[in-house]
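# Examining the three-dimensional arrangement
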Amino acid sequence: MEEEEIEKAVIAYLKKKGFKQTELAFQEEHHQHQNQQTKNSSSSISSSTDPDIAKHILSFSESENIPARYHEGYSKLRSWTYSSLDLYKHELLRVLYPVFIHCFMDLVAKGHIQEARNFFNSFREDHEMMHLRDLQKLEGVLSPSHLEEMEFAHSLRQSKVNIKICQYSYELLLQYLHKTQSITMLGVINEHINFQVSPGQPASISDDAEVVTLIGSSQDDANQINQKEIHWGLLEGSLEERLEKAGGLLSDSEKAEGEVKETDTEENKKRSAEGGKQGSSIKKLKKDKVVGAAGKTARPEANAVSMAPRVKPELALPVMPTEVEQSILEDLRNRVQLSSMALPSVSFYTFINTHNSLNCSSISHDGSLVAGGFSDSSLKVWDMSKLGQQSATSIMQGDNDLAPTEQILGTSGGKRSYTLFQGHSGPVYSATFSPLGDFILSSSADSTIRLWSTKLNANLVCYKGHNYPVWDVQFSPLGHYFASSSHDRTARIWSMDRIQPLRIMAGHLSDVDCVQWHINCNYIATGSSDKTVRLWDVQSGECVRIFIGHRSMVLSLAMSPDGQYMASGDEDGTIMMWDLSSGRCVMPLMGHMSCVWSLAFSCEGSLLASGSADSTVKLWDVTTSTKVPRSEENKSGNTSRLRSLKTLPTKSTPVYSLRFSRRNLLFAAGALSKSG
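Residues numbered from 1 in each chain as written. Predicted model: local features only at pLDDT ≥ 70, side-chain atom pairs only at ≥ 80, totals over all residues. Heavy atoms only, no water.

## Considering the pairing of strand β9 (residues 378-383)
The buried fraction of β9 amounts to five of the six residues, a majority that puts the element mostly inside the structure. Alignment of strand β8 (residues 369-374) against β9, held across five bridges, turns out to be antiparallel. Bridge pairing in β9 links leucine 369 to aspartate 383. Linking β8 back to β9 in an antiparallel pair, the connection comprises three residues, with serine 377 at a positive phi of about 75°. In this structure, β9 lies alongside strand β10 (residues 419-422), joined through four bridges in antiparallel fashion. In the strand pairing of β10, leucine 379 is matched with phenylalanine 421. (Buried < 20%, exposed > 50% of the residue type's maximum accessible area, 1.4 Å probe, protein only. Helix = DSSP H or I, 4+ residues; strand = E, 2+ residues; numbered from the N terminus. Pairing = 2+ DSSP bridges.)

## Some words on the UniProt feature "repeat: WD" (unreviewed entry) in the protein
The UniProt record annotates "repeat: WD" (unreviewed entry) at residues 351-385, 421-453, 463-504, 505-546, 547-588 and 589-630. Here residues 351-385 runs as 6% helix and 54% strand, with 16 Å between its end C-alpha atoms. Taken as a whole, residues 421-453 contains 0% helix and 61% strand, while its terminal C-alpha atoms sit 10 Å from one another. (UniProt positions renumbered as here; feature names shortened; annotations may be inferred.)

## Focus on helix α20 (residues 322-333)
With 12 residues, α20 extends 16 Å from end C-alpha to end C-alpha; this agrees with the ideal 16 Å at 1.5 Å per step. Those residues of α20 that sit buried are Val324, Glu325, Ile328, Leu329, Asp331 and Leu332. In an axial view of α20, the angular spread of the buried residues amounts to 155°, which keeps them on one side of the axis. Summarising the geometry of α20, the exposed residues directed more than 90 degrees from the buried face are Thr322 and Glu323. (Expected span 1.5 Å × (residues − 1). Arc of directions from axis to C-beta.)

## Here we look at the side chain of arginine 94
You can see arginine 94 is positioned in the loop between α5 (86-92) and α6 (96-109). Of note is the side chain of arginine 94, whose polar atom sits 2.8 Å from the backbone oxygen of lysine 164. (Polar contact = N/O pair within 3.5 Å; in protein donor to acceptor, adjacent residues only side chain to side chain.)

## Digging into the nonpolar core
If you look at the biggest cluster of nonpolar residues, it comprises 40 residues, and the most contacted ones within it are Val99, Phe100, Phe104 and Leu138. Residues within four places of phenylalanine 100 in sequence aside, it is in contact with Tyr74, Phe119, Phe120, Phe123, Arg124, His127 and Leu135. Judged by nonpolar contacts, the second largest core, of 17 residues, contains Ala222, Ala483, Ile546 and Ile548. (Core = buried A, V, L, I, M, F, W, Y, C linked by side-chain atoms within 4.5 Å. Contact = heavy atoms within 4.5 Å.)

## Remarks on unusual backbone geometry
The backbone of asparagine 356 shows a phi angle near 60°, a positive value even though the residue is not glycine. On the secondary structure map, asparagine 356 appears in the loop between β6 (346-351) and β7 (358-363). Residue histidine 480 is not a glycine yet carries a positive backbone phi of 70°. Its location among the elements puts histidine 480 in the loop between β15 (470-475) and β16 (481-486). Overall, histidine 480 belongs to the partly exposed group, its relative accessible area being 23%.

## Things to note about the confidence of the model for the protein
Summary statistics for the protein give a mean pLDDT of 77 and a share of 74% for residues scoring 70 or more. Confidence over residues 391-414 falls short of pLDDT 50; this stretch has 54 contacts with residues more than four positions distant or in other chains. (pLDDT = per-residue confidence, 0-100.)

## Things to note about the packing of helix α4 (residues 68-82) against helix α12 (residues 183-192)
Between α4 and α12, whose axes approach to 8 Å, the crossing angle comes to 80°. Between α4 and α12, the angle falls in the class roughly perpendicular. In contact with Arg69, Tyr70, Gly73, Tyr74 and Leu77 of α4, α12 contributes Thr184, Met185 and Val188. Looking at the contact of α4 with α12 residue by residue, the classes come out as five nonpolar, two polar and one charged. (Axes fitted to C-alpha atoms, helices over the stretch in contact; angles between N-to-C directions. Parallel < 35°, antiparallel > 145°, perpendicular 65-115°, else oblique. Nonpolar A, V, L, I, M, F, W, Y, C, P; charged D, E, K, R; others polar.)

## Topic: the packing of aromatic side chains
Counted under the stated rule, the structure contains 21 aromatic pairs. Here tyrosine 463 and tryptophan 494 contribute two aromatic rings whose centre-to-centre distance is 5.8 Å and whose plane-to-plane angle is 65°, an arrangement assigned as edge-to-face. Note that tyrosine 463 is positioned in strand β14 (residues 458-464) and tryptophan 494 in strand β17 (residues 490-495), a separation of 31 residues in sequence. Of the two residues, tyrosine 463 and tryptophan 494, neither departs from the other in class, the shared state being buried. A ring pair is formed by phenylalanine 482 and tryptophan 494, whose centres lie 6.0 Å apart and whose planes are at 5°; its orientation type is stacked. Here tryptophan 494 lies in strand β17 and phenylalanine 482 lies in strand β16, a separation of 12 residues in the sequence. Looking at tryptophan 494, the relative accessible area reads 0%, which means it is buried. Among the aromatic side chains, those forming a connected cluster through ring pairs are Tyr74, Phe100, Phe104, Phe119, Phe120 and Phe123. In this structure, lysine 380 packs its charged tip against the face of phenylalanine 374, placed 4.7 Å from the ring centre. (Phe/Tyr/Trp six-rings, centres within 6.5 Å; stacked < 30°, edge-to-face > 60°. Lys NZ or Arg CZ within 6 Å of the ring centre and 35° of its normal.)

## Section: the packing of α4 against helix α11 (residues 167-179)
Running from N to C, α4 and α11 point in directions that differ by 140°, and their axes come no closer than 12 Å. In this view, α4 runs oblique relative to α11, as classed from their interaxial angle. In the crossing of α4 with α11, the sense of the turn from one axis to the other is right-handed. When α4 is examined against α11, the residues Lys76, Leu77 and Trp80 are found in contact with a partner set consisting of Leu172, Leu173 and Tyr176. Taken together, the residues of the contact of α4 with α11 break down into five nonpolar, no polar and one charged. (Left-handed = near helix turned anticlockwise from the far one by under 90°.)

Below, the structure written as structure tokens:
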């Protein structure tokens, strides 16, 4: 092995990487070494380089120039991983995706564009199920300059991936890399992966969602942000607190059985007022009768809300009219207490004849109004009581459930069954009712948000601020303020009386797909295509929590009524329950087969409802999910599937939105799919 060859290889490498000072120091040391060698010719034997090291250096210099080494190295690593023992395979498989994308980007950076495309196309199928959106973005990288210009690719290159792995799996991987002399793969892994090695047996496969940190997001940064203090309690002086102090909630749950039955009767009356007049115009899912002792059964869970700490509001909150307060208090007094033993009744609104043009739906807090946002830039609102009166006289057998078309319903001389709101110049992607139902907000591809009056049936304000389509908009729990999220990777806080945003929340690496207010109005949560959820302080605009664990874009969010927990649903059908205080996942809820488009907590926080593109509504017992520690759950061998209480399938209707009324009746809405 010639010394000159090794020296040339090392110098060439240092020049290529731009390490000028190291190169000069190496050359100076080399000259000194040569001078010393001429003085002591007898020491020439000891000065020779170790053959193994020399071999590695030369093979590394060769691999620097041969793109085929990437293809061959990754192919061998992939084959070895798939042939590993099942006990360790799922941990070792985690390494493949980051190695794959960095091999591709390294080839692009070195200017081997065609070889990079061939490599990408050869192995992309392995990762499409888990990382399709990322691959679609990387497909657009066609030159070294794209790696700098595209923020997603740039962030991948600048940060390391954190992977949790057990000690034995880690040693197996290192042993393979050294034994096969996979210098190229070893270089990629050293440069771009940070292993978090844990002693003991491999983690269970069900924990996989949490072990691979989002690529492009620094775990250290997230941990630092998650140290910030947050106040997750309820607002001081809230209606629930006032009712509790007055003894309203206590007396309800401690009434005699006969009185509880009377309350149930009143609940049924209210239900008929909320949605019972719809007649044949509404499809019902199965109703679960609420048992007479529901109040008693659910008492421990009901305490969760009343025991939550109280916090002061950071925003100036609107004053609620007295008559509205009285109406809400009446609803709270007559609320049905739900639990795993007492499931809610469900009223399902089905849109038909939408011709795939319905993008979103929204239900008012009492279920009396239903809105739909359409691709033709229109917003349509149905009043359930009026629709029921019309259909009762003229529609038979429920053939026209809730038809968002221009057809005539009833005998009222060509009168539409809905109110049409026109003003947007692009598809409407989201709609939200104010808490009192007197206003509705809509967001659109035209990058604007519009405020409409349901009383005047008119557009009041057009809010401009986002630069790209606005995917979601949500009123705060007390009205007046609202939050929006957009393709421009920001979320914004607004108030109804100002046309400019009050706060801009920037930090996500991709689209902000959904937004949700905390129950105390001091925070908003945002879900993004970058697979993270963030919690923001509305007063300062700062990010105070980053929740990492989803493996696909986050499409839905819900806050628990006590303000301590948050649920998030993603494109793969996974729901994750988060503790806001610690920023950690309490429990992943698995069961849906497709996107989770909507989530809603029951009013006392004991149940979580989820609506999915798989045409089902699922009910989850979140009290057990949040109480069982992760370690205990693993020991007992229970899976989160046991937390699913009931699955309510529709015939062929993907579920767009869910809403628990103040009396704990669950409303759901979706568009009938012809493909089913």
